[in-house]
Structure formats: C-alpha cells, structure tokens
Amino acid sequence: MLAADTRAGEPYPLKRILVLGGYGGFGARLSRRLAGDGFEVLVAGRNLEAAKALAARLPHAIALQADRNSDISAILGEHRPFLLIDAAGPFQQSDDRVPRACIKAGVHYIDLADARDFVGAIGSLDEQAKTAGVTVISGASSVPALSGAVVADLARDIEEVRSIEMSISASNRATAGASVASAILSYVGKPVRLWRGRRWQEATGWHMLKRETYAVAGHRPLRRLVALADVPDHDLLVDSTAGRPSVTFRAGPEFAFQTLALWLLSWPVVWGWLASPRRISRFLLLLQRLTAWFGTTRSAVTIEIKGIEQGAIKARRWTLIAENGDGVEIPTLPAQLLARALRDDRLLPGARHAGGLLSLEDFRSLFRDLAITEETTEAPYTPLYQRVMGPAFEHLSEPVLAMHAVFGDGGARGEAVVTCGRSPLARLVAKIFGFPAAGKHALHVSFEENNGIEEWTRDFSGQRFLSHLSEENGRLVERFGPFRFAFDLPIRGNGLSMEMRHWSLLRVPLPLFLAPQSTALEWAEDDRFQFDVPIALPFIGLVVHYRGWLQPIE
C-alpha cells in the first residue's frame, strides 16, 4: 500500500507505528496525527475495547492489547512495526525494558517521557542501538524536545547564558490521565536537584511558588500560580548550554487553589509523615474531571533566558498561548516530527534524548494548524548596583564590579572569619536573623536576580542566611524578613561602602538612633573581592562581624 508524501511529492511505502497508550489523553491525539500523516497505526494498550473504539475511527488503524510493563517482544515479532512510540507512562521509576525490546527486534523507538532519570539514562543504550541500526529517542514531548528547541533559538549569539526559567500552565479542561497525575505526585515534597549559584543544590518539589504572567501582544494575558517540577532539562540544559546556566522549570494547573492544594500536600512528605502521595493520584484525577468545565480552554508556556551578548546584558523571553484546548496537542508534536524524520531516513542510529534534535521552525510548521500564538521579546538590563550608583559604578575595581554585575544567576566562593557578640541579647538577635556562628568558614554566596531584585544566599560552612536587595528612591534597600534597611553606596578607595540612611519594620519607619550600627566595606585586594561587615545594636553592642574574600565561580 502506498500513501502520498505531500512534502516530497512522491509516494512512499505505508509504514507501521505501534503506539503504546495509543488511546490515552496524549496517545489518542498522537495516533490521530500519525494516521493523518499516512502511517498505519497500531493503537495499543491494556484496555483493548478502548483501543478498538479509537482504531475504528482512524484510517489504516488496528487495535492491540499490550502492557508496557510486560514483555512486548512477541507483539513486536508478530506485527513488525517500523517504529514504536511509548505514550503510556508514567516514566518515573520506570525501567528500560521497552526500548531494549525494540533494539532486540530492530524496531525504532520514541517515547513521550518527561521523567528526569529515565530520559537522562537513555544514552546508556547508545552502543546497542547503533549496533542494531536502531534509533532510540527519549523525551519527545514538551520537555526536553520543545524546550530544547526554544532555548537554542533564544540563545543564538549569546556567549554566556546565566539562567533559564521555564514554566507551563495547562487549561483546566485539558485531558489529564492517571499517568500525568502520578508523574506530578512522584516529586511533590521530594528533593529536586538544581544547578543554582554555580553549584548543585537541593530544592523541594512543588515548592518555589511563583505567580507567572504569560503575555503575547494582541491577546489577553494569563496569570497563573506555578511551582517547581522535576524534569530532564534540570540536567540536560545545564550541560548543553554555553555558560552552564541555572535551570528552573515550574508547572501548574489553571486554578491557584489546585497548585496550593498540592503545595499543602507536599508538607507531610517533607516532614516524613507520608512516603509519597502517588497513591491518591486517582482521587486527584477524579477531582480534576469533576471541575474540568469550570476553567478555560487556554494553556501557556514561557521560557526566558538571561545572558551576555558582546558585553551587553540581555533577557530574551518566548511565550506561547494556546486557545480552544489546543495546548494539549503540544506534547505530541515532537513525536510526530521525529516519526516523519525517521520515515525520511533523517535520523542516525543510536540512543539519545530529544533535546536539540528539533528546531523551533520545525514546531512552527505544526503550530500553523492550531490555535497557537507565540512571541519572542528581548530587553536590556542594568544591574542593581549600577542603577543605584549611576556613573560612579564604572569606577569600581574589576573584582568589585564582577561581584555586583548580578543578572539571572551566579555564585562565588571564598573564606570568612566571623566574630559574634557574647551578650544574651546579641546571641538572640543573631539567631533570629540566622547569622553564622563564630569561627573561620568556607563561604559560598548564591546570587539570583528576578525582575531587578537580587536574592543573596550566604552559606557559611553549611549555615545559611539570605537577604533581598532592591532599589527604592535611588538607594539600595536590603530586606531581612520584615526589616528593610536603605543604604547609600559612596565610592571608598577602589570599592564602596554601605552607609545606612533609614530603616523600617513592615515598611513602618523606625528611629535612626535605634538602627543597627553598620558600615559595610567592599574593596579589591590581590585580585579578590574583599568584604568587612560589622553589625552592632545600640544598648546591646556587637551582634556579628564577618570579613573575608570571595571570587566568582566560572
């Protein structure tokens, strides 16, 4: 049987693709797309009746009963598909029996996995796949396939990428299967390893809540609450992007109360009261279906990179808004594009993840048939200290300049010597603010900039405290919890000093004569950034005094 290759204008033999989970939320859409491309589709899964119902509505489709958690070698041997696409999931804590069976049978393999460990480990099958002449691709979904294509497009001409921030928010009416719910619950409240501050650190799944705005010119913006999700990009983009940037991926449903409910559910996991909430995935899925018609049909994706191009600091943001429920089509597009590429012999044998295999232009060829609008914007950025100091900023020595050219994400390491006050009140104040213990410490400082506000996390031999820095009325404002301290930044030698001008509690001004007595100094010596920060209080005396050096981590 022949089908027309509309791209080349010549006929090609009808090729057979087996789709595991081919009648599910994503699998059914993918099966329809593949049938529309002229493939013979084997709609497979554990529910034979559901497979038959879909196959009856598609051209050149056959229903099969198959379980991805069992040995599928017999099915591959009997039906001899050209390609198997695993759209079943969940892939968290899944093994590689399906791609191994495909390699053994000489069948190409693609999956829609977004599980960090599963996708990251697929390269271990590379030699076996090459020997068998088989192509094995994992992660043909929104991440890392689409995200990788977008980052590559945004990072063009950027010599050093400092940070990558991504988020996805799905329409409440999107069809969510049990595997999607199980995948999300697999990392709720669990440790998530992130590259931040130029080192690996641990965060908590479904924490780091953020109110995200998705805006495209000419369209009503979306504002959604999103939270930290664990995806392959947290490893893959760090290793593949110039500058080894920090990478943070967040996701969230349409309604904030849904995100907050999962956030609340995460705490029993954090405290060790609950091993995993995955057992309640069916209950959550039922609630989602019961409330499905209360939302909109709008989904959105945004990806922002911050970096340096020819000495200029820039932020580039790509935003996609999908209307009419078409957002749920997006995770299936990479598999469709890669199936076409395999059909046309445009992919070499071997096992690899899908990040970097497709371009944004490849996706745009499919976006045109969907209610999807996308936009890329670019904006320059001026670092916080430069905004406060104005032209004087350029007179700082290079080590001090480098420490305050914060944009996106950065980190520095060095040493510090800490002296602490001995009075009970001084110790109490130091404990409230989280100041470090006395002694000599290995010091690491993480810098994170978001919307012009910097978060500095200081790690003294494992003891951390943080503050937020911003600009108000031409002054630098440092916030510790409810306290805010405003400083002038005059030049002092080859560096600067921080001289307090007023302070407040919950933005209520406090008398200056009761303010902490602190004039922090920063300067360069031996090509290192040096600091000296004494903090004392009236009637109490010394609270803490830390001094030392730092060097940016390349």
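Since this is a predicted model, take the numbers as computed values, not measurements. (Residues numbered from 1 in each chain as written. Predicted model: local features only at pLDDT ≥ 70, side-chain atom pairs only at ≥ 80, totals over all residues. Heavy atoms only, no water.)

Here we look at the overall build of the protein chain
A tally of regular secondary structure across the protein chain gives 16 helices and 30 strands. Over its C-alpha atoms the protein chain spans a radius of gyration of 27 Å, differing by no more than 12% from the 24 Å that the globule rule assigns to 554 residues. Here the C-alpha coordinates of the protein chain stretch approximately 90 × 50 × 45 Å along the principal axes. Here the protein chain holds 554 residues, and 55% of them are scored as buried. Per element, the accessible surface of the protein chain, about 24,500 Å² overall, is 54% carbon and sulfur. Considering the protein chain, the positive charge centre built from 62 side chains and the negative charge centre built from 61 side chains are found 6 Å apart. (Helix = DSSP H or I, 4+ residues; strand = E, 2+ residues; numbered from the N terminus. Rg over C-alpha atoms; globule rule 2.2 N^0.38 Å. Buried < 20%, exposed > 50% of the residue type's maximum accessible area, 1.4 Å probe, protein only. Areas by Shrake-Rupley, 256 points an atom, 1.4 Å probe, with all protein chains shown as cover. Lys, Arg positive; Asp, Glu negative; His and termini not counted. Charge placed at Lys NZ, Arg CZ, Asp CG, Glu CD.)

Comments concerning the nonpolar core
Ranked by size, the top nonpolar core spans 71 residues in total, and within it Ile17, Leu34, Ile85, Ile110, Ile164, Ile303 and Trp318 carry the most contacts. Excluding residues within four positions of it along the chain, Ile164 makes contact with Val151, Leu237, Thr241, Pro245, Ser246, Val247, Thr248, Ile303, Glu304 and Ile305. Ranked by size, the runner-up nonpolar core spans 44 residues in total, among them Phe447, Phe480, Phe485 and Leu537. (Core = buried A, V, L, I, M, F, W, Y, C linked by side-chain atoms within 4.5 Å. Contact = heavy atoms within 4.5 Å.)

Some words on the UniProt feature "domain: DUF4166" (unreviewed entry) in the protein chain
Here the UniProt feature "domain: DUF4166" (unreviewed entry) sits at residues 399-550. Along residues 399-550 the backbone is 11% helical and 64% strand, and the end-to-end C-alpha distance reaches 9 Å. (UniProt positions renumbered as here; feature names shortened; annotations may be inferred.)

Topic: the sheet that holds strand β14 (residues 246-252)
Taken in spatial order, the seven strands line up as β12-β13-β14-β9-β15-β16-β18 in an open sheet, and their pairing is mixed. Edge strands, defined here as strands with exactly one partner in the open sheet, are β12 (210-214) and β18 (372-380). Sheet twist, expressed as the mean angle between neighbouring strand axes with direction ignored, is 25°. Pairing of strand β13 (residues 222-228) with β14, which is carried by two bridges, proceeds in the antiparallel orientation. (Pairing = 2+ DSSP bridges. Axes fitted to C-alpha atoms, helices over the stretch in contact; angles between N-to-C directions.)

Quick look at the pattern of salt bridges
Taken as a whole and assessed by the stated rule, the structure comprises 42 salt bridges. Taking the shortest distance from any N to any O, the salt bridge between Lys130 and Asp126 comes out at 3.1 Å. Separated by four residues within a single helix, Lys130 and Asp126 lie in helix α6 (residues 126-132), roughly one turn from each other. On the basis of relative accessible area, Lys130 is assigned to the partly exposed category, the value being 45%. Residue Asp459 is joined to Arg199 by a salt bridge in which the shortest nitrogen-to-oxygen separation is 2.7 Å. Placement of the pair is Asp459 in strand β21 (residues 453-460) and Arg199 in strand β11 (residues 199-204), with a sequence separation of 260 residues. The buried category is assigned to Asp459, whose relative accessible area is 8%. In this structure, a network of salt bridges that share partners links the residues Glu165, Lys210, Glu212, Arg250, Glu304 and Arg317. (Salt bridge = Lys/Arg side-chain N within 4 Å of Asp/Glu carboxyl O.)

A word on the confidence of the model for the protein chain
Taken as a whole, the protein chain shows an average pLDDT of 93; of its residues, 94% reach a score of 70 or greater. In this model residues 1-12 is a low-confidence stretch, pLDDT under 50, and it forms 22 contacts with partners more than four residues away in sequence or in other chains. (pLDDT = per-residue confidence, 0-100.)

Section: the packing of helix α12 (residues 333-343) against helix α13 (residues 360-367)
Across the interface, α12 lies against α13 with an axial gap of 10 Å and an inter-helix angle of 105°. By the angle between their directions, the pair α12 and α13 is classed as roughly perpendicular. Each of Leu333, Pro334, Gln336, Leu337 and Arg340 in α12 lies in contact with α13, whose residues at this interface are Asp362, Phe363, Ser365, Leu366 and Phe367. Residues that form the contact of α12 with α13 fall into these classes: six nonpolar, two polar and two charged. (Parallel < 35°, antiparallel > 145°, perpendicular 65-115°, else oblique. Nonpolar A, V, L, I, M, F, W, Y, C, P; charged D, E, K, R; others polar.)

A short note on α13
The α-helix winds at 3.6 residues per turn, so residues separated by three or four positions along the chain end up facing the same way. Residues Leu360, Phe363, Leu366 and Phe367 constitute the buried set of α13. Buried residues in α13, looked at end-on, bunch into an arc of 115°, giving them a common side. Here the buried face of α13 lies against α7 (142-154), β16 (312-322), α12 and β18. (Arc of directions from axis to C-beta.)

A closer look at unusual backbone geometry
Residue Pro144 follows Val143 across a cis peptide bond; omega there is 0°. In this model, Asp526 sits at a positive phi of 55°, which is unusual for a non-glycine residue. If you trace the backbone, Asp526 turns up in the loop between β28 (519-525) and β29 (528-537). A relative accessible area of 64% means that Asp526 is categorised as exposed. We note that Phe539 has phi near 70°; this positive angle belongs to a residue other than glycine. Of note, Phe539 is situated in the loop between β29 and β30 (541-552).

Description of the pairing of strand β22 (residues 463-472)
Where β21 meets β22, seven bridges bridge the pair, whose relative direction is antiparallel. For Glu454, the partnering residue across the bridge sits in β22 and is Leu469. Hairpin geometry of β21 and β22 is characterised by an intervening segment of two residues between the two adjacent antiparallel strands and by a positive phi of about 50° at Ser461. Bridge analysis of β22 against strand β23 (residues 475-480) gives five bridges, and the strand direction is antiparallel. Residue pairing in the sheet places His468 in a bridge with Arg479 of β23. The hairpin turn running from β22 into β23, its antiparallel successor, is two residues long, and Asn473 in that turn takes a positive phi close to 55°.

Digging into the sheet that holds strand β8 (residues 135-138)
If you trace the seven strands from one edge of the open sheet to the other, you get β5-β4-β3-β6-β7-β8-β17, paired in parallel fashion. Of all strands in the sheet, those with a lone pairing partner are β5 (61-65) and β17 (350-353), marking the two edges. Adjacent strand axes in the sheet meet at a mean angle of 15° when their direction is disregarded. Summarising the sheet, strand β7 (residues 108-111) and β8 pair through two bridges and their orientation is parallel. Across the sheet, the residue bridging to Ile110 is Ile137, located in β8. Across the face of the sheet, helix α2 (residues 48-55) comes into contact with β4 (40-45) and β5 while running at roughly 175° to β5. Sitting on the sheet, helix α4 (residues 97-105) is in contact with β3 (16-20), β6 (83-86), β7 and β8, with an inclination near 160° to β7.

Things to note about the UniProt feature "domain: Saccharopine dehydrogenase NADP binding" (unreviewed entry) in the protein chain
Under the feature "domain: Saccharopine dehydrogenase NADP binding" (unreviewed entry), the UniProt entry names residues 17-137. As annotated, residues 17-137 has a helix share of 38% and a strand share of 21%, and its two end C-alpha atoms lie 15 Å apart.

Examining the environment of Ala379
Residue placement: Ala379 occurs in strand β18. On the accessibility criterion, Ala379 (35% relative accessible area) is partly exposed. Along the sequence, Ala379 and Arg317 sit 62 residues apart, while their C-alpha atoms lie 8.7 Å from each other. Excluding its chain neighbours within four sequence positions, the residues that come into contact with Ala379 are Ile313, Lys314 and Ala315.

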